[in-house]
Amino acid sequence: MAKTYADIITEARDLLQDSLVPYRYSAATLLAALNRGLREMGRIRPDAFWDRFELTTADILVPEVVNTDSDPDDAPEEVDLDEDSQVALTDEIDFNGEYLSALVYFVVASAELRDEEYTNDGRASMMMAQFKAQLVAV
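It should be emphasised that the depicted structure is a prediction, and the values quoted were computed from it without experimental measurement.

Chemist: I tried to follow the overall build of the protein on my own but got confused; where do I start?
Modeler: From N to C terminus, the protein includes 5 helices and 4 strands. Mapped in sequence order, the helices and strands of the protein form the string α-α-β-β-β-α-β-α-α. Of all 138 residues assigned to the protein, the portion counted as buried reaches 43%. A fraction of 61% describes how many contacts in the protein between residues 6 or more apart in sequence connect residues 24 or more apart. Summed over its atoms, the accessible surface of the protein is roughly 8000 Å², and 52% of this surface lies on carbon and sulfur atoms.

Following this line, the structure appears as structure tokens:
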């Protein structure tokens, strides 16, 4: 079964023990963390987005995850700046699945860094280190 971007947030909520409504972390907070994680992944492992190489700008296009994609991709075999710059939360991920758990760790770490509890700082640091280690090891 193919994974979606929403699955990353669901798995992060599980690790954060934040599965009951009302949620401790808002959907917007976790979505913003996911987008930061994707940009960081693009910086560390641009090859993860190699199929999103844009010839006119000679750049890797890292998608921004949004709740609803207003301009869905109607030609997946071509890179189009307008269509490929955003993906819907419910879209299937279009990069190697080996990066999924790394992104989950990034979202968890980002959420826990927002907490004021001192005890979470060590766990957040560990999760962020795990994110980087998994990206480099793949």
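Moving on, there is more to tell.
Chemist: Even after reading the chapter, I still don't get the packing of aromatic side chains, so can you show me in this structure?
Modeler: Given two aromatic rings, their pairing is described by the distance between the two centres and the angle made by the two planes. The tally for this structure, following the rule as stated, stands at 4 aromatic pairs. In this structure an aromatic cluster arises from ring pairing among Y5, F49, F95 and Y99.

Chemist: Mind showing me how you'd approach the environment of Y25 here?
Modeler: Assignment of secondary structure puts Y25 in the loop between helix 1 (5–15) and helix 2 (27–44). Note on Y25: relative accessible area 5%, which makes it buried. Residues Y25 and R114, spaced 89 residues apart in sequence, show a C-alpha to C-alpha distance of 9.6 Å. Ignoring anything within four residues of it in the chain, the contact list for Y25 reads R13, L16, D18, L30, A111, E112 and D115.

Chemist: I keep staring at helix 2 and nothing clicks. Help me out?
Modeler: Think of an α-helix as 3.6 residues a turn; residues three or four steps apart then line up on the same face. Taking 1.5 Å as the rise per residue, helix 2 with 18 residues should run 26 Å; its terminal C-alpha atoms sit 26 Å apart, in good agreement. Taken together, the buried positions of helix 2 are occupied by T29, L30, L31, A33, L34, N35, G37, L38, E40, M41 and G42.

Chemist: Help me understand the confidence of the model for the protein, please; the structure alone is not making it clear to me.
Modeler: In low-pLDDT regions, the fine details of the predicted coordinates are not to be read closely. Confidence in the prediction of the protein, expressed as mean pLDDT, is 85, and 78% of residues score 70 or more. Within the protein, the element-level pLDDT minimum falls on helix 3 (residues 81–84), averaging 63, and the maximum on helix 1, averaging 97.

Chemist: Which parts of the structure should I look at to understand the nonpolar core?
Modeler: By size, the foremost hydrophobic cluster in this structure holds 34 residues, and its most contacted members are Y5, I8, L34, L38, M41 and F95. Elements with a contribution of two residues or more to this core: helix 1, helix 2, helix 4 (100–114) and helix 5 (119–137). A per-element tally of this core places helix 4 first, with 9 residues. In this structure M41 touches P46, A48, F49, F95, Y99, L103, F131 and L135, once residues within four positions along its chain are discounted.

Chemist: What exactly am I supposed to notice about the side chain of Q134 here?
Modeler: Residue placement: Q134 occurs in helix 5. Excluding residues that lie within four positions of it along the chain, Q134 makes contacts with S101, A102 and Y105.

Chemist: Help me understand the environment of D14 in this model?
Modeler: With respect to the helices, strands and loops of the structure, D14 is situated in helix 1. Relative accessible area serves as the criterion here: at 58%, D14 is assigned to the exposed category. Residues D14 and V108, spaced 94 residues apart in sequence, show a C-alpha to C-alpha distance of 9.4 Å.

Rules and cut-offs
- Residues numbered from 1 in each chain as written.
- Predicted model: local features only at pLDDT ≥ 70, side-chain atom pairs only at ≥ 80, totals over all residues.
- Heavy atoms only, no water.
- Helix = DSSP H or I, 4+ residues; strand = E, 2+ residues; numbered from the N terminus.
- Buried < 20%, exposed > 50% of the residue type's maximum accessible area, 1.4 Å probe, protein only.
- Contact = heavy atoms within 4.5 Å.
- Areas by Shrake-Rupley, 256 points an atom, 1.4 Å probe, with all protein chains shown as cover.
- Phe/Tyr/Trp six-rings, centres within 6.5 Å; stacked < 30°, edge-to-face > 60°.
- Expected span 1.5 Å × (residues − 1).
- pLDDT = per-residue confidence, 0-100.
- Core = buried A, V, L, I, M, F, W, Y, C linked by side-chain atoms within 4.5 Å.

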